[in-house]
Every structure is written in C-alpha cells, then in structure tokens.
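# Summary of the model geometry
Listed below, chain by chain, are the residues.
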Amino acid sequence: MAQTISLKTECGSASDESALAKAVAGVIAAGRAAAFRHWVPATSGNFSVRIDADTIAITRSGVDKGNLQLADILIQPLAVPLLPGSSAEAELHTALYRQRPDLGAIFHVHSPAATVLSRLAAPEGRLLLTGWELQKALSGVRTHEAIVEIPVFANDQDISALSGRVDARLAEPGGDAIVAPGYLLAGHGLYAWGATEAEAARHLEALETLFEFELSYRRFTP
Ligand SMILES: CSCCC(=O)C(=O)COP(=O)(O)O
Ligand SMILES: [Zn+2]
C-alpha cells in the first residue's frame, strides 16, 4: 500500500497511474514467466518496463524474480542516480533506455542455453545464427536465410564500464547481418528487449529457443 501511495504522489494524473500500474504488472509477469522456464535461477535476472519517456519500473537487487511483490519493483527516473536497492545491473537498463527511446521493455535472464553458448561464442565477439525459421520471430527478420548477429561481450563486474562497451557496440551498424534485439554476456546470460513488453517477451523466447537449437546442432556438426 505504501508503494502505491508513493507512486500516485510521483505520477499525478490518472493516465500516468495506469501506465505505472501496467509497467509494474509487466515486470512481475515477465519475472514469473522466466522463472517458469528456469531462466532465472537463484535470484538471477532483472526486468524493466518503461512507464514513460523519463521513467522505468525495474526489479530490485537480490529478490526472487519468479515471485516478485510490489515492494520488489523500483520506479527509477532515467535522469537521476540509481535508487538505493537497485539491481546490480540497473545501469545496463537505464543506459539503453536513454540511448533508445523506442525501447519499451528489457528482460535479462541466466538461462542454461544462453549462458553456455555465450562462452562458446565469446572468442568471436558475436554469435551468428542462420537457417532457422524461428528467426522470423525477431522483428526485421524476414527469412530463414538472413544472418542474425547477437553481440557477445566479456563479462565484467564493473557495470559502468560494461554499459559503455555495450552502448558503443550497439550504436555500430550491423553490416550484412541483422543485429538481434539482444546481446549476450559471456558466461553470464542474455539481455533482450522490444518496443513493448509483448515484443520483448517474444524476442526473449525466440532467442532462447534459437540458442537451444544452435547448441543441439553444434553437438552434431564438426
Ligand atoms: C545471483 S546472479 C548475480 C547477479 C546477476 O547477474 C543478476 O542478474 C541479478 O542481479 P540483481 O542485482 O538484479 O538481482
Ligand atoms: Zn545477470
């Protein structure tokens, strides 16, 4: 209740309140769906949804992402320092929202497929996927013949430094490949996003499944 009252005070108008409530519900639903798929073991992962141009709802640090409560969600303005209790990786969310006003949601998971494949692909600094019909679930991909590039970054406990590297790389053009709506951190996991919560969820599920396909395929090909 305290959370609800303070949110109302910050937001003011009725439409703002409903945008905020929708974003918080979206964060809770995304965490629950990821936990159901075993993608966020042991409090790993973090989830955010944009409320408006300047504000996001984002998970607190260290909470069970499969059983999020209202008090586990922070309302973070993008223009101020991170709030106390913020996700250890909150800057990877806030920096990307600032860079990409079109982003509506960012979901981060520690799934087995993403975490293992990210280590295999780390030496190249990117993972290339092609030949999968499911690639077309990624926005902008029209054919299984397209080459989809997922950037891979070395993991880093210095999140500000990592965030700077991510932002610089994502600002680069993709060349012949279509750059995926997501990136891998080696030995760590996947960040995926979309213009809406639904699109971010679709991208997350498509990338995760493509990683499972790719891992299986690599086991059978020299
Ligand atoms: C327990 S996993 C280590 C931290 C991490 O990578 C993660 O995704 C969760 O961090 P948060 O601070 O957002 O709970
Ligand atoms: Zn993480």
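Residues numbered from 1 in each chain as written. Chains lettered and ligands numbered in written order. Predicted model: local features only at pLDDT ≥ 70, side-chain atom pairs only at ≥ 80, totals over all residues.

### Quick look at the overall build of the protein
Helices and strands together make up the secondary structure of the protein, namely six helices and nine strands. Taking 2.2 N^0.38 as the reference for a compact globule, 222 residues should give roughly 17 Å; the C-alpha atoms of the protein span a radius of gyration of 17 Å, in line with that estimate. Taking the principal axes of the C-alpha coordinates as reference, the protein spans close to 60 × 35 × 30 Å. Residues counted as buried form 38% of the 222 residues belonging to the protein. Contacts in the protein between residues far apart in sequence, at least 24 positions, make up 64% of those at least 6 positions apart. (Helix = DSSP H or I, 4+ residues; strand = E, 2+ residues; numbered from the N terminus. Rg over C-alpha atoms; globule rule 2.2 N^0.38 Å. Buried ≥ 20, exposed ≤ 12 C-beta atoms within 10 Å, placed from the backbone. Contact = placed C-beta atoms within 7 Å.)

### Considerations on the packing of helix 3 (residues 90–99) against helix 5 (residues 159–170)
Where helix 3 meets helix 5, the axes come as close as 9 Å, and the angle between the chain directions of the two elements is 30°. What the angle tells us is that helix 3 and helix 5 run roughly parallel. In the packing of helix 3 onto helix 5, the handedness of the crossing is right-handed. Mapping the contact onto sequence places Glu91, Leu92, Ala95 and Gln99 in helix 3 and Ile159, Ser160, Leu162, Ser163, Val166 and Asp167 in helix 5. (Axes fitted to C-alpha atoms, helices over the stretch in contact; angles between N-to-C directions. Parallel < 35°, antiparallel > 145°, perpendicular 65-115°, else oblique. Left-handed = near helix turned anticlockwise from the far one by under 90°.)

### Let's talk about the UniProt feature "binding site: Zn(2+)" (unreviewed entry) in the protein
Under the UniProt annotation, "binding site: Zn(2+)" (unreviewed entry) lies at His108 and His110. With 29 C-beta atoms packed within 10 Å, His108 lands in the buried category. Not counting residues within four places of it along the chain, the set of residues in contact with His108 comprises Gly45, Asn46, Glu89, Gly189, Leu190 and Tyr191. When you line up the elements, His110 lands in the loop between strand 4 (105–109) and helix 4 (112–121). Ignoring sequence-local partners within four residues, the contact set of His110 consists of Trp39, Val40, Pro41, Ser44, Gly45, Thr115, His188 and Gly189. (UniProt positions renumbered as here; feature names shortened; annotations may be inferred.)

### Details of the UniProt feature "domain: Class II aldolase/adducin N-terminal" (unreviewed entry) in the protein
Following the UniProt record, one finds the feature "domain: Class II aldolase/adducin N-terminal" (unreviewed entry) at residues 25–215. Helix makes up 33% of residues 25–215 and strand 23%. Its end C-alpha atoms lie 33 Å apart.

### Here's the deal with helix 4
Three or more residues of helix 4 are buried, namely Ala113, Ala114, Thr115, Leu117 and Ser118. Looking at the buried residues of helix 4, the elements they touch are strand 4, strand 5 (126–129), strand 6 (148–153), strand 8 (182–185), strand 9 (189–194) and helix 6 (197–220).

### Comments concerning the site of ligand 1
Taken together, Ala42, Thr43, Ser44, Gly45, Asn46, Thr59, Ser61, Gly62, Ser87, Ala88, Glu89 and His108 make up the full set of residues near ligand 1. Taken together, the residues that form the shell around ligand 1 break down as two nonpolar, nine polar and one charged. (Near = placed C-beta within 6 Å. Nonpolar A, V, L, I, M, F, W, Y, C, P; charged D, E, K, R; others polar.)

### Some thoughts on unusual backbone geometry
Positioned with a positive phi, Ala42 is a non-glycine residue whose angle comes to about 55°. Within the secondary structure, Ala42 is located in the loop between helix 2 (14–36) and strand 1 (46–52). You can call Ala42 exposed: it has 8 C-beta atoms within 10 Å. A positive phi angle, near 70°, is found at Thr43, a position not held by glycine. When you line up the elements, Thr43 lands in the loop between helix 2 and strand 1.

### Looking at the environment of Leu215
Within the fold, Leu215 resides in helix 6. According to the C-beta neighbour criterion, Leu215 is partly exposed, with 15 such atoms within 10 Å. The spatial distance from the C-alpha of Leu215 to the C-alpha of Leu117 is 6.7 Å, given a sequence separation of 98 residues.

### Some points on the packing of helix 4 against helix 6
Closest axis-to-axis distance for the helix 4/helix 6 pair is 9 Å, and the angle between their directions is 55°. Looking at the two axes, helix 4 sits oblique to helix 6. Two packed elements cross with a definite hand, and for helix 4 against helix 6 that hand is left-handed. Of the residues in helix 6, those in contact with Ala113, Ala114, Val116 and Leu117 of helix 4 are Glu208, Phe211, Glu212, Glu214 and Leu215. Residues that form the contact of helix 4 with helix 6 fall into these classes: six nonpolar, no polar and three charged.

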